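Tertiary structure, described
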Amino acid sequence: MKEDIDDILNFSVGLDFKHFTTDPLSRKAICMSLINIGELTKSLSASYKAKYKEVPWKLIAGLRDVTAHKYHTLNLDVIWSVVTIEIPKLDEFISIKLIEYEKHSFTKD
């Protein structure tokens, strides 16, 4: 998931909404990463998702479904908001969890 988040952040550097909507390569790359994030979200355990209710897991998975199955009718305003507002939030959450995991893994021995 972190790799796809990083991809979206990298793909969107220097990108504005107009370029996003008119450049199929950027749009498809970002949407593919959103699909991957949603698919990975679906594989998380229910207990993990319940533990971190502040993350909108259901919405992330739902966005995957819409992006994958209704790609040609996507509301690009919504997708752009996800890219510019929600993905940085998810990146912060995942980064913190990875640091916590690494600290726990290294101090376990």
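Up top is the structure these notes are about.
Residues numbered from 1 in each chain as written. Predicted model: local features only at pLDDT ≥ 70, side-chain atom pairs only at ≥ 80, totals over all residues. Heavy atoms only, no water.

**Here we look at helix α3 (residues 24-42)**
An α-helix turns once every 3.6 residues. As a result, residues three or four positions apart point the same way. Its 19 residues place the ends of α3 27 Å apart at the C-alpha level, agreeing with the 27 Å of an ideal helix rising 1.5 Å per residue. Where α3 is concerned, the buried positions are Ser26, Arg27, Ile30, Cys31, Ser33, Leu34, Ile35, Ile37, Gly38 and Thr41. (Helix = DSSP H or I, 4+ residues; strand = E, 2+ residues; numbered from the N terminus. Expected span 1.5 Å × (residues − 1). Buried < 20%, exposed > 50% of the residue type's maximum accessible area, 1.4 Å probe, protein only.)

**Description of the packing of α3 against helix α5 (residues 57-69)**
Orientation of α3 relative to α5, taken along the N-to-C sense of each, is 135°, at an axis distance of 8 Å. Judged by the angle between their axes, α3 and α5 are oblique. In this structure, α3 crosses over α5, and the sense of that crossing is left-handed. Of the residues in α5, those in contact with Cys31, Leu34, Ile35, Ile37, Gly38, Glu39, Thr41 and Lys42 of α3 are Trp57, Ile60, Ala61, Leu63, Arg64, Asp65, Thr67 and Ala68. Looking at the contact of α3 with α5, its residues break down into nine nonpolar, three polar and four charged. (Axes fitted to C-alpha atoms, helices over the stretch in contact; angles between N-to-C directions. Parallel < 35°, antiparallel > 145°, perpendicular 65-115°, else oblique. Left-handed = near helix turned anticlockwise from the far one by under 90°. Contact = heavy atoms within 4.5 Å. Nonpolar A, V, L, I, M, F, W, Y, C, P; charged D, E, K, R; others polar.)

**Here we look at the layout of surface pockets**
Counted as a void, the largest pocket has a volume near 330 Å³. Lining the largest pocket are 16 residues, and of these Pro56, Leu59, Ile60, Val82 and Glu86 lie nearest its centre. At seven residues, the largest contribution of residues to the lining of the largest pocket is made by helix α6 (residues 76-107). Residues that form the lining of the largest pocket fall into these classes: 12 nonpolar, one polar and three charged. In this structure, the second largest pocket encloses a volume near 160 Å³. If you go around the second largest pocket, the residues you meet are Met1, Lys2, Leu44, Tyr48, Trp57, Phe93, Ile94, Lys97, Leu98 and Tyr101. (1 Å grid on protein atoms, 1.4 Å probe; cavity = no way out; pocket = protein on both sides within 12 Å on 5 of 7 lines; lining within 4 Å. Points joined across faces, edges and corners; volume = space filled by probe spheres on them.)

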